[in-house]
Amino acid sequence: MALDPRIICNHIISASLRDDRPVTNLAIQKLLYLTHAHHLMRHDLPLVTGHFEAWQFGPVMPAIYKELKPFGRHAINRLFEDVDLFSGEVRPLPGIDDPIVLELLDEVLFHYKKFSAGQLVDVTHATDGPWHYVWHKSRTDPFADRRISDMITRSRFGNLKRSV
C-alpha cells in the first residue's frame, strides 16, 4: 500500500537533522522521487501516493513543494504534521513500520546523502531518464502533460541509474 509522501519526507528530514546534513525543498524533492523510483523498480509498486511532475529543476511532487515552499532555499527544520480538517487538531504523522521501506530509505539516503541539491538535480536530469523524457516532450508538444507517471519511471529509470 502506497504511503503518504509526508511520512517518507519526515524520515528524510529526521535523518538530515540527526546527521547534521541539512536538506532543502529542492533536495527533498529529488530524494523523495529517487526513493519512490527505486521502490517502484524493486517491487513494481508505488511507494507514495500522489504524483510527480517534471519541473525545471527535476521531479517535484507539487503537494510537498507547496507545504515546504515557505522554507525557500533554507534547510527544513521541522517535520510534517497531520491536521484534522474537522477539529483543527494537529497530530504527528505515524512513522514507517515496514522494514522493507526502512531498508530502502536507508540505502537511498546512504548513497545520495553526500550529494548537494545541485548534484541531485543533475542525477535526475540524466539523458533519456524519466524527467528528461517528460520535460522535453512537454516543451515540444503543447498537449503533453508534465506528470512523470510510474510507467515512464519504470521504463526510463535505468537510464538515470547509468548516469550516477
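Because the structure is predicted, anything quoted here is derived from the model rather than measured.

A.B. asks: It is not clear to me how the overall build of the chain should be interpreted in this structure. Could you clarify?
C.D. replies: Scanning the chain from N- to C-terminus turns up 7 helices and 5 strands. Tracing the chain from N to C terminus, the helices and strands come up as α-α-β-β-α-β-β-α-α-α-β-α. Since a compact globule built from 164 residues should have a radius of gyration of about 15 Å, the 16 Å found for the chain is in line with a globular shape. For the chain, buried positions account for 40% of its 164 residues. Taking all contacts inside the chain whose residues are at least 6 apart in sequence as the whole, residues at least 24 apart take part in 67%.

A.B. asks: Is there a simple way to explain the pairing of strand β1 (residues 52–55) in this structure?
C.D. replies: Consecutive side chains along a regular strand alternate between the two faces of the sheet. Of the two faces of β1, only the one carrying F52 and A54 is buried; E53 and W55 on the other face are not. Of the pairings in the sheet, the one linking β1 to strand β2 (residues 58–60) comprises 3 bridges and is antiparallel in character. By the bridge assignment for β2, A54 is matched with P59. Counted between consecutive antiparallel strands, the loop separating β1 from β2 contains 2 residues.

A.B. asks: Explain the packing of helix α1 (residues 5–18) against helix α4 (residues 99–112) here, please?
C.D. replies: When two helices pack together, their arrangement is given by the angle between the helix axes and by the axis-to-axis distance. The contact between α1 and α4 brings their axes to 11 Å, and the two run at 50 degrees. One finds that α1 runs oblique with respect to α4. Considering the relative orientation of α1 and α4, their crossing is right-handed. Mapping the contact onto sequence places I8, H11, I12 and A15 in α1 and V101, L102, L105, D106 and L109 in α4. Among the residues making up the contact of α1 with α4, the classes are represented as 7 nonpolar, 1 polar and 1 charged.

A.B. asks: Explain the sheet that holds β2 to me, please; I cannot follow it from the model alone.
C.D. replies: The strands that make up a sheet pair up through hydrogen bonds in the backbone, lying either parallel or antiparallel. Spatially, 3 strands are ordered β2-β1-β5 in an open sheet, and the strand pairing comes out antiparallel. Bordering the open sheet on either side are β2 and β5 (147–148), each of which pairs with just one other strand. Strands in contact with helix α2 (residues 25–43) are β1, β2 and β5; relative to β2, the strand with the most contacts, it is inclined by about 85 degrees.

A.B. asks: Which parts of the structure should I look at to understand the layout of surface pockets?
C.D. replies: Which parts of space are left empty comes out when a probe the size of a water molecule is rolled across the atoms. Computed from the structure, the largest pocket encloses a volume of approximately 410 Å³. If you go around the largest pocket, you meet 14 residues; those closest to its centre are N25, L26, F57, Y65 and R73. Elements that contribute at least two residues to the lining of the largest pocket include exactly α2 and β2. If you tally residues by element for the lining of the largest pocket, the top one is α2, at 4 residues. Grouping the amino acids of the lining of the largest pocket by side-chain chemistry returns 5 nonpolar, 6 polar and 3 charged.

A.B. asks: Is there a simple way to think about the side chain of N25 in this case?
C.D. replies: Looking at the secondary structure, you find N25 in helix α2. The class of N25 is buried, set by a relative accessible area of 4%. The residues contacting N25, other than those within four sequence positions of it, are Y65, L68, K69, G72 and I76.

A.B. asks: Sorry if this is basic, but what is going on with the pattern of salt bridges here?
C.D. replies: Side-chain pairing between opposite charges can occur once the charged atoms of the two side chains come close. Throughout the structure, instances matching the rule amount to 9 salt bridges. Between R6 and D4 there is a salt bridge; the shortest N-O distance is 2.7 Å. A salt bridge links R91 to D84, with the nearest nitrogen and oxygen atoms 3.6 Å apart. A relative accessible area of 22% places D84 in the partly exposed class. Three or more residues joined by partner-sharing salt bridges are found here, namely D4, R6, D82, D84, E89 and R91.

A.B. asks: I would appreciate a short explanation of the nonpolar core in the present structure.
C.D. replies: Inside soluble globular proteins, nonpolar side chains tend to come together where they are buried. Within the largest apolar cluster, 42 residues are counted, with the highest numbers of intra-cluster contacts made by I8, I12, I28, L32 and L34. Breaking this core down by element, the ones donating at least two residues are α1, α2, β1, α3 (62–68), α4, α5 (117–124), α6 (130–140) and α7 (150–163). Among the elements that make up this core, the one with the highest residue count is α2 (7 residues). Apart from the residues lying within four places of it in its own chain, the contact partners of I8 are L3, L32, L47, V48, I96, V101 and L105.

Reading the values: the criteria
Residues numbered from 1 in each chain as written. Predicted model: local features only at pLDDT ≥ 70, side-chain atom pairs only at ≥ 80, totals over all residues. Heavy atoms only, no water. Helix = DSSP H or I, 4+ residues; strand = E, 2+ residues; numbered from the N terminus. Rg over C-alpha atoms; globule rule 2.2 N^0.38 Å. Buried < 20%, exposed > 50% of the residue type's maximum accessible area, 1.4 Å probe, protein only. Contact = heavy atoms within 4.5 Å. Pairing = 2+ DSSP bridges. Axes fitted to C-alpha atoms, helices over the stretch in contact; angles between N-to-C directions. Parallel < 35°, antiparallel > 145°, perpendicular 65-115°, else oblique. Left-handed = near helix turned anticlockwise from the far one by under 90°. Nonpolar A, V, L, I, M, F, W, Y, C, P; charged D, E, K, R; others polar. 1 Å grid on protein atoms, 1.4 Å probe; cavity = no way out; pocket = protein on both sides within 12 Å on 5 of 7 lines; lining within 4 Å. Points joined across faces, edges and corners; volume = space filled by probe spheres on them. Salt bridge = Lys/Arg side-chain N within 4 Å of Asp/Glu carboxyl O. Core = buried A, V, L, I, M, F, W, Y, C linked by side-chain atoms within 4.5 Å.

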